[in-house]
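Commentary on secondary and tertiary structure
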Amino acid sequence: VLDGGEWVSYIVGAPDFVNARFRALFADGVPELLPLVVRSGGPATPAPDAAEVAEPFATCLLGEITEGFSLVVYAGGAVEELASCAEQFGISVVYALTGGEWVSYILGAPDFVNRSFGELFATGLPAVTPLVVKSDEPSGGSAASN
């Protein structure tokens, strides 16, 4: 997970001292809808069913956005709405993982460049869609976090 622009890891099965910073950060539990990067040695898993969101997001993206790559979840909506949202946070590229492959949406690029992303989300992105975003700005913005 990102915390203040730095990655904090939790390694399953590692000694307590290895995971101490993660445990301290989430002493009261990991917040619902918090975007986490995970690693698995297994094959790609099928996408889960769309999550039910009880109340609207405070902003269009949840998660910490920093220079470089960040993981966020999107409130849901049309690709054009995502592009407008991403622009607010200084994001230049959005990536979605599908079937073990990354599909990109490059803000400001011609339609043919973003065709695969548009086809993947032709009817819009479901609420709580996890995305990796790239920002070239020192602080790409501060999306709300749970």
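Refer to the preceding data block for the structure.
Residues numbered from 1 in each chain as written. Predicted model: local features only at pLDDT ≥ 70, side-chain atom pairs only at ≥ 80, totals over all residues. Heavy atoms only, no water.

Some remarks on the state of the cysteines
Scanning the entire structure with this criterion turns up one disulfide. Across the disulfide from Cys-60 sits Cys-85; the S-S distance is 1.8 Å. Here the disulfide of Cys-60 and Cys-85 is right-handed, its torsion about the S-S bond being about 85°. Remark: Cys-85 occurs in helix α2 (residues 79-88) and Cys-60 occurs in the loop between α1 (20-25) and β3 (61-62); sequence separation between them is 25 residues. (Disulfide = S-S within 2.5 Å. Helix = DSSP H or I, 4+ residues; strand = E, 2+ residues; numbered from the N terminus.)

A word on unusual backbone geometry
Look at Val-128: it is not a glycine, yet its phi comes out positive at around 70°. With respect to the element layout, Val-128 can be found in the loop between α3 (115-120) and β7 (129-135). The class of Val-128 is buried, set by a relative accessible area of 15%. (Buried < 20%, exposed > 50% of the residue type's maximum accessible area, 1.4 Å probe, protein only.)

Thoughts on the nonpolar core
Counting 21 residues, the largest nonpolar core has Leu-61, Tyr-74, Ile-91, Val-94, Phe-117, Leu-125 and Leu-131 as the members making the most contacts within it. Elements with a minimum of two residues in this core: β4 (68-74), α2, β5 (91-98), β6 (101-106) and β7. Considering each element in turn, this core owes the most residues, five residues, to α2. Look past the residues within four positions of Phe-117 in its chain and what remains in contact with it is Val-79, Leu-82, Val-94, Ala-96, Val-103, Ser-104, Tyr-105 and Leu-125. Judged by nonpolar contacts, the second largest core, of five residues, contains Val-1, Val-8, Phe-26 and Leu-34. (Core = buried A, V, L, I, M, F, W, Y, C linked by side-chain atoms within 4.5 Å. Contact = heavy atoms within 4.5 Å.)

Some words on the pairing of β5
Bridge count between β5 and β7: four bridges; the pairing is antiparallel. In the sheet register, Val-94 faces β7, and the bridge partner there is Val-133. With six bridges connecting them, β5 and β6 associate as antiparallel partners. Looking at β6, one finds that Ala-96 is bridged to Val-103. (Pairing = 2+ DSSP bridges.)

Re a nonpolar patch on the surface
A surface patch of nonpolar side chains, about 300 Å² in accessible area, is lined by Ile-11, Phe-17 and Val-18. Residue classification places Val-18 among the partly exposed residues on the basis of a relative accessible area of 33%. (Patch = residues over 30% accessible without salt bridge, like charges linked within 9 Å, V, L, I, M, F, W, Y side chains within 5 Å. Areas by Shrake-Rupley, 256 points an atom, 1.4 Å probe, with all protein chains shown as cover. Salt bridge = Lys/Arg side-chain N within 4 Å of Asp/Glu carboxyl O.)

Focus: the pattern of salt bridges
If you walk through the whole model with that rule in mind, you get three salt bridges. A salt bridge links Arg-21 to Glu-6; the shortest N-O distance between them is 3.7 Å. One end of the pair, Arg-21, is in helix α1; the other, Glu-6, is in strand β2 (residues 6-7), and 15 residues separate them in sequence. By relative accessible area, which is 42% here, Arg-21 ends up partly exposed. The exposure class of Glu-6 is partly exposed, given its relative accessible area of 46%. Among the ionic pairs, Asp-16 bridges to Arg-23, the shortest N-O distance being 3.9 Å. Here Asp-16 falls in the exposed class, since its relative accessible area comes to 56%. Its relative accessible area of 43% is what places Arg-23 among the partly exposed residues.

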